[in-house]
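Per-entry structural report
Below are the chains, spelled out letter by letter.
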Amino acid sequence: MHRMLMNARNVLVGSAMALALGLSGPVYSFDDGAEVTIDYRQGLMRALGGNMSSTAAIVVDGADFRDNLLVHTRYIVDATRDIPALFPEGSDFGETDALMSIWEDPERFEELSRENHEAAVALHEAVEQGDDAAALMPRFRNVGESCRACHEDFRRTD
Ligand code: HEC
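To keep things clear, this report deals only with the structure shown in the data block.

Cut-offs used in this document
Residues numbered from 1 in each chain as written. Predicted model: local features only at pLDDT ≥ 70, side-chain atom pairs only at ≥ 80, totals over all residues. Heavy atoms only, no water. Donors = N, O, S within 2.8 Å, 3.2 Å for Na, K, Ca; no water. Tetrahedral: all angles 85-135°; square planar, octahedral: opposite > 155°, others 65-115°. Helix = DSSP H or I, 4+ residues; strand = E, 2+ residues; numbered from the N terminus. Buried < 20%, exposed > 50% of the residue type's maximum accessible area, 1.4 Å probe, protein only. 1 Å grid on protein atoms, 1.4 Å probe; cavity = no way out; pocket = protein on both sides within 12 Å on 5 of 7 lines; lining within 4 Å. Points joined across faces, edges and corners; volume = space filled by probe spheres on them. Nonpolar A, V, L, I, M, F, W, Y, C, P; charged D, E, K, R; others polar. Near = heavy atom within 4 Å. Polar contact = N/O pair within 3.5 Å; in protein donor to acceptor, adjacent residues only side chain to side chain. Sits in = over half its atoms within 2 Å of the grid points. Salt bridge = Lys/Arg side-chain N within 4 Å of Asp/Glu carboxyl O.

**Re the coordination of the iron atom of the ligand**
For the iron atom of the ligand, the full set of protein donor atoms is Met-45 (SD) and His-151 (NE2), at a range of 2.1 to 2.4 Å. Around the iron atom of the ligand sit six donor atoms; with metal-centred angles ranging over 86 to 178 degrees, the donor geometry is octahedral. Of this pair, Met-45 sits in helix α2 (residues 30–59) while His-151 sits in helix α6 (residues 133–154), placing them 106 residues apart in sequence. Using a relative accessible area of 25% as the deciding quantity, one classes His-151 as partly exposed.

**Observations regarding the layout of surface pockets**
Space inside the largest pocket adds up to approximately 550 Å³. Among the secondary structure elements, those contributing two or more residues to the lining of the largest pocket are α2, α5 (106–128) and α6. Looking at the lining of the largest pocket element by element, the count peaks at seven residues for α2. Partitioned by chemical class, the residues of the lining of the largest pocket number 12 nonpolar, seven polar and four charged.

**A look at the site of the ligand**
Taken together, 21 residues lie near the ligand, and Met-45, Thr-96, Cys-147, Cys-150 and His-151 sit nearest. Arg-46 places a polar side-chain atom, nitrogen or oxygen, 2.6 Å from an oxygen atom of the ligand. Measuring from an oxygen atom of the ligand, one finds a side-chain N or O atom of Thr-96 at 2.5 Å. In this structure the site holding the ligand corresponds to the largest pocket. Elements with a contribution of two residues or more to the shell around the ligand: α2, α5 and α6. With seven residues, α2 is the largest single contributor of residues to the shell around the ligand.

**Details of the pattern of salt bridges**
Tallying each qualifying case throughout the model produces three salt bridges. Between Asp-78 and Arg-81 there is a salt bridge; the shortest N-O distance is 2.5 Å. The class of Arg-81 is exposed, set by a relative accessible area of 51%. In this structure, the salt-bridge partner of Glu-111 is Arg-108, at a minimum N-O distance of 3.2 Å. Here Arg-108 and Glu-111 lie together in helix α5, a separation of three residues that amounts to about one turn.

Here it is as structure tokens:
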């Protein structure tokens, strides 16, 4: 009995290790990997768009949801922390508007991503300290402009 338990335990440990080493479980082809990466990053970008729209409705148009601002600006801060990681080499084909220039000029792509993130942090901090809409407006514009700056150079817009 004791022996059988030991064996069962060894089998479990063995298969956990095989999983950890990627020796079993689903096998993804390279193409599938690129496809889910593209789906993921486009979803994240759309969520950024939604949070920017909601922020604009509050900050620019005066929608009565000031208490929700932190939720939106925190998402923008978190989701822009490492945009280049969403664009690994090989994710440049299929249903994507990503331009080859991302992989040809990664330094510029990273720089624009960093500027976008810094603008988001500045906006979020102003929201945290309770700034009014007039003070938030220029910071919000900086975020929007730095989103657009990257799209102009690195996203297909036809
Ligand atoms: C460093 C570059 C970069 C920054 C910064 C950036 N984006 Fe993007 N964005 C892209 C690229 C590249 C694509 C195309 C992705 C694809 O199709 O695979 C994209 C796609 C999008 C899309 C379309 C998603 C879809 O459904 O296809 C939206 C919406 C979007 N971005 C919103 C934003 C917003 C809002 C911000 C700022 C808060 C932002 N992006 C910041 C590079 C960037």
